[in-house]
Amino acid sequence: MSKIVAELLQKFETRQAQVAVLGLGYVGLPLVVVFAEAGYRVVGFDVDANKVDLLNRGESYIEDIPSSRLAPLVSSEMFRATTDFRVLAACDTVSICVPTPLNKTGDPDISYIVHATNEIAHHLHAGMLIVLESTTYPGTTTEVILPRLCEGDTDCTVGERFLCVFFSRTG
Ligand SMILES: NC(=O)c1ccc[n+]([C@@H]2O[C@H](COP(=O)([O-])OP(=O)(O)OC[C@H]3O[C@@H](n4cnc5c(N)ncnc54)[C@H](O)[C@@H]3O)[C@@H](O)[C@H]2O)c1
């Protein structure tokens, strides 16, 4: 097991990992709640300031997540939402849950993933885990995400400096 995987596992086992979820929609918000209820401090990022304000008041707009479930996580400071991507610098792991609507040709529009990745690249640090959860086509991690995360770093080896995975939801 590599050193950064061992260190990250240790942070998860001790609930010290600072978790980030990028995109607080139908996928991202339930993920936030599951992490926070499991005892992890979670920062949620979204570009929609109104949504961020609403969530920071403990008010959910997603049917599956009643406000009565979200509000205690806000008041206990297990969850907070922000539009300030600089906070990513303090996060150990970030799950990308931005939209990928189908375009005219039926292919996913990955512009939201590109924008999210560019923000992460600014604040990437050693040991960080990046998880792509958005629905997309095979190759997005290697062809779209990794080149951006590695830009300007001639010695960039995923798995040694940082970790990047694709998480596929089925069913
Ligand atoms: N909804 C589902 O049941 C479901 C199931 C499986 C997979 N997916 C996939 O998960 C992904 C997210 O879907 P969703 O339904 O949660 O979308 P959504 O539209 O409900 O939520 C996406 C959120 O991301 C935010 N966002 C957009 N660009 C951003 C950026 N650059 N940085 C931060 N936040 C940003 C939006 O403001 C929005 O709040 C999509 O790829 C979708 O195909 C969705």
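In the block above lies the structure referred to throughout.
In what follows, the accompanying structure is described. No experiment lies behind these values; they were computed from the predicted model shown. (Residues numbered from 1 in each chain as written. Predicted model: local features only at pLDDT ≥ 70, side-chain atom pairs only at ≥ 80, totals over all residues. Heavy atoms only, no water.)

**What to know about the pairing of strand 4 (residues 93-96)**
Our working definition: Whether a residue is buried, partly exposed or exposed follows from its accessible area with a 1.4 Å probe, protein chains only, as a fraction of its type maximum: under 20%, in between, or over 50%, in that order. Numbering goes from the N terminus for both helices and strands, where a helix is a DSSP run of H or I of at least four residues and a strand is a run of E of at least two. DSSP-based pairing: two strands are paired if at least 2 bridges between them are found.
Of the two faces of strand 4, both are covered, the one formed by Thr93 and Ser95 as well as the one formed by Val94 and Ile96. Pairing of strand 1 (residues 18-22) with strand 4, which is carried by four bridges, proceeds in the parallel orientation. Paired with Val19 across the two strands is Thr93, which belongs to strand 4. The pairing of strand 4 with strand 5 (residues 129-132) spans four bridges and is classified as parallel. Across the sheet, Ser95 pairs through a bridge with Val131, a residue of strand 5.

**Description of the layout of surface pockets**
Inclusion rule: Method remark: on a 1 Å grid restricted to protein atoms, a set of points is classed as a cavity if a 1.4 Å probe fits but cannot get out and as a pocket if it is open with protein on both sides within 12 Å along at least five of seven lines; lining residues have an atom within 4 Å of a point. Grid points are joined across faces, edges and corners, and a volume is the space filled by probe spheres set on the points.
By volume, the largest pocket amounts to about 440 Å³. Forming the boundary of the largest pocket are 23 residues, of which Gly23, Gly25, Cys97, Val98 and Pro99 lie nearest the centre. The leading source of residues in the lining of the largest pocket is helix 5 (residues 111-123), at three residues. Approximately 170 Å³ is the volume attributed to the second largest pocket. Lining the second largest pocket are 12 residues, with Phe35, Ser95, Val131, Glu133 and Phe167 positioned closest to its centre.

**Considering the packing of aromatic side chains**
Applied cut-off: Pairing of aromatic rings covers Phe, Tyr and the six-membered ring of Trp, with a centre-to-centre limit of 6.5 Å; geometry is then stacked below 30 degrees between planes, edge-to-face above 60, and tilted otherwise.
Inspection of the entire model under this criterion finds four aromatic pairs. Here Phe12 and Tyr40 contribute two aromatic rings whose centre-to-centre distance is 5.1 Å and whose plane-to-plane angle is 55°, an arrangement assigned as tilted. Linking Phe12 in helix 1 (residues 3-13) with Tyr40 in the loop between helix 2 (28-37) and strand 2 (41-45), this pair joins segments that are 28 residues apart in sequence. Neither residue differs from the other here; Phe12 and Tyr40 are each classed as buried. Between Phe35 and Tyr40 the ring centres are 6.0 Å apart and the planes differ by 85°, which places this aromatic pair in the edge-to-face class. Residue class for Tyr40 comes out buried when judged on its relative accessible area of 9%.

**Description of the site of the ligand**
The cut-off we apply is this: Being near a molecule or strand, for a residue, comes down to having at least one heavy atom within 4 Å of it. Nitrogen and oxygen atoms within 3.5 Å of one another constitute a polar contact, given that in protein one can donate a hydrogen and the other can accept it, and given that sequence-neighbouring residues count only through two side-chain atoms. Throughout, the Shrake-Rupley method with a 1.4 Å probe supplies accessible areas, and for residues the shown protein chains are the sole cover considered. Those molecules having more than half of their atoms within 2 Å of a cavity or pocket grid point set are described as sitting in that cavity or pocket. Residue classes follow a fixed rule: Ala, Val, Leu, Ile, Met, Phe, Trp, Tyr, Cys and Pro count as nonpolar, while Asp, Glu, Lys and Arg count as charged, and any other residue, Gly among them, counts as polar.
Taken together, 21 residues are adjacent to the ligand, and Val27, Asp46, Lys51, Thr100 and His115 come closest. One nitrogen or oxygen atom from the main chain of Val27 is found 2.8 Å from an oxygen atom belonging to the ligand. Contacts to the ligand include Asp46, whose side-chain N or O atom sits 2.6 Å from an oxygen atom. Considered on its own, the ligand offers 840 Å² of accessible surface; in the complex 73% of this is hidden by protein. Structurally, the ligand is housed in the largest pocket. A per-class count over the shell around the ligand returns 12 nonpolar, six polar and three charged.

Coordinates in, geometry out; function isn't part of it.
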